[in-house]
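If you want the building blocks of each chain, they are given just below.
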Amino acid sequence: MASLDTSSVYPVGHSIPGSTTNTSINMKKAHEQWQPVHLFKSSNYTTMADQVKLFGVSESFFAVRVEVALRLKGVQFEYVEEDLYNKSPSLLKYNPVHKKIPVLLHNGNPLAESLVILEYIDETWKHNPIFPKDPYERARARFWAKFIDEKLFPVARKALVSKGEEEQREAIGETHEHLKTLESELKEKKFFGGESWGYLDIAAMFIIWLGIAQEALGVEFVPEEKFPRLHKWQQRLVDEDAVFKECVPREKLGAFFKARFGSSAASK
């Protein structure tokens, strides 16, 4: 998903240590070119009374978590792309505490924080469950999801925005330690959820974002030789499941990472 659920690897529209005004202006212009409002339809598990709307940012893995869950559940919803340089009145109204995405609006009732929203989706639309049935396994999944948001995400973000080579190297080292821990949890399973995807697989989508950042910037966030199981896992997730593949904007994310962090990565 704790107020980490801002947008992508580093929150769009928020200040970046060491960034320049021109970078912010350029990213704002690039972001303004992407302002769609979509209505996603699939198997209709929502009733006529259900009104579901998701406020998000397409580069944000936090928002994509929610989109994936809704699509996998077959829930019809409206997607509103937010501009975090110019937040909409609706976003400020529905998330007045953190003023961040994602926000899920269900029949007029707003919810914020991606991990909280995932639990709500699973409890509200009970078909195609994403949480394990066993209470112990559900608790473990929550634990590891929190580990990703509170341990892995901050150090990986630090590696992206670090000013010096030594600082970046230390942050990447910490990132690798956390990825090693997650790979140990994955073990020999196809997915974190076992033989099929589940809640923790959705929560762990940040690893796919790191892989795309690696391709765009040449920084070894998730080298295959160090993390072969995680590489196989993300390939299965994206290549074998049409919903995940459709929800991960690889080209757009690659361009985003190059525009946002390319110059600083090249200077190290």
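Just above, that's the structure.
Keep in mind that this is a model prediction, so the values were computed, not measured. Sequence order as written defines residue numbering, which begins from 1 separately in each chain. Totals for whole chains, interfaces and linings use all residues, but because this is a predicted model, local features are given only for residues with pLDDT of at least 70 and pairs of side-chain atoms are given and counted only at 80 or more. Values reported for side chains reflect all heavy atoms of the structure, with hydrogen atoms and water molecules removed beforehand.

Student: What am I meant to see in the nonpolar core here?
Tutor: Looking at soluble globular proteins, one finds that nonpolar side chains tend to be buried together. Counting 71 residues, the largest nonpolar core has Leu-70, Ile-202, Trp-209 and Phe-257 as its most contacted members. Among the buried residues, those of types Ala, Val, Leu, Ile, Met, Phe, Trp, Tyr and Cys that are joined through side-chain atoms within 4.5 Å form a nonpolar core. The rule is simple: take the accessible area with a 1.4 Å probe, protein chains only, and divide by the maximum for that residue type; under 20% is buried, over 50% is exposed, in between is partly exposed. Counting residues in hydrophobic clusters, the runner-up holds 9 residues, among them Val-57, Val-80, Leu-84 and Leu-105.

Student: How should I be thinking about helix H4 (residues 114-124) in this particular structure?
Tutor: Of the positions making up H4, those classed as buried are Ser-114, Leu-115, Ile-117, Leu-118, Ile-121 and Asp-122. Projected onto a plane normal to the axis of H4, the buried residues spread over an arc of 155 degrees and lie on a single side. Only heavy atoms enter the contact rule, under which two residues are in contact if any of them lie within 4.5 Å. By definition, any uninterrupted DSSP run of H or I lasting at least four residues is a helix, any uninterrupted run of E lasting at least two residues is a strand, and each is numbered from the N terminus. On the buried face of H4, the contacting elements are helix H2 (61-73), strand S4 (103-106), strand S5 (109-112), helix H5 (135-161) and helix H7 (199-203). It is the directions from the helix axis to the C-beta atoms whose arc is reported.

Student: Please explain the pattern of salt bridges as it appears in this structure.
Tutor: If charged atoms from side chains of opposite charge come close, those side chains can pair. The salt bridge definition used is simple: a Lys or Arg side-chain nitrogen within 4 Å of an Asp or Glu carboxyl oxygen. Under the counting rule described, the total for this entry stands at 12 salt bridges. Of the charged contacts, one joins Glu-78 and Lys-53 as a salt bridge, the two residues approaching to 3.9 Å between their closest N and O atoms. Placement of Glu-78 in strand S3 (residues 77-81) and of Lys-53 in strand S2 (residues 52-56) is noted, with a sequence separation of 25 residues between them. A residue is classified by how much of its surface remains accessible, and Glu-78, at 26% relative accessible area, is partly exposed. As a salt-bridge pair, Glu-185 and Arg-140 come within 2.6 Å of each other at their nearest N and O atoms. With Glu-185 in helix H6 (residues 165-186) and Arg-140 in helix H5, this residue pair connects regions lying 45 residues apart in the sequence. Overall, Glu-185 belongs to the buried group, its relative accessible area being 11%. Beyond isolated ion pairs, a larger network of salt bridges with shared partners links Glu-67, Arg-71 and Glu-246.

Note that all results are geometric; they support no functional claim without further evidence.
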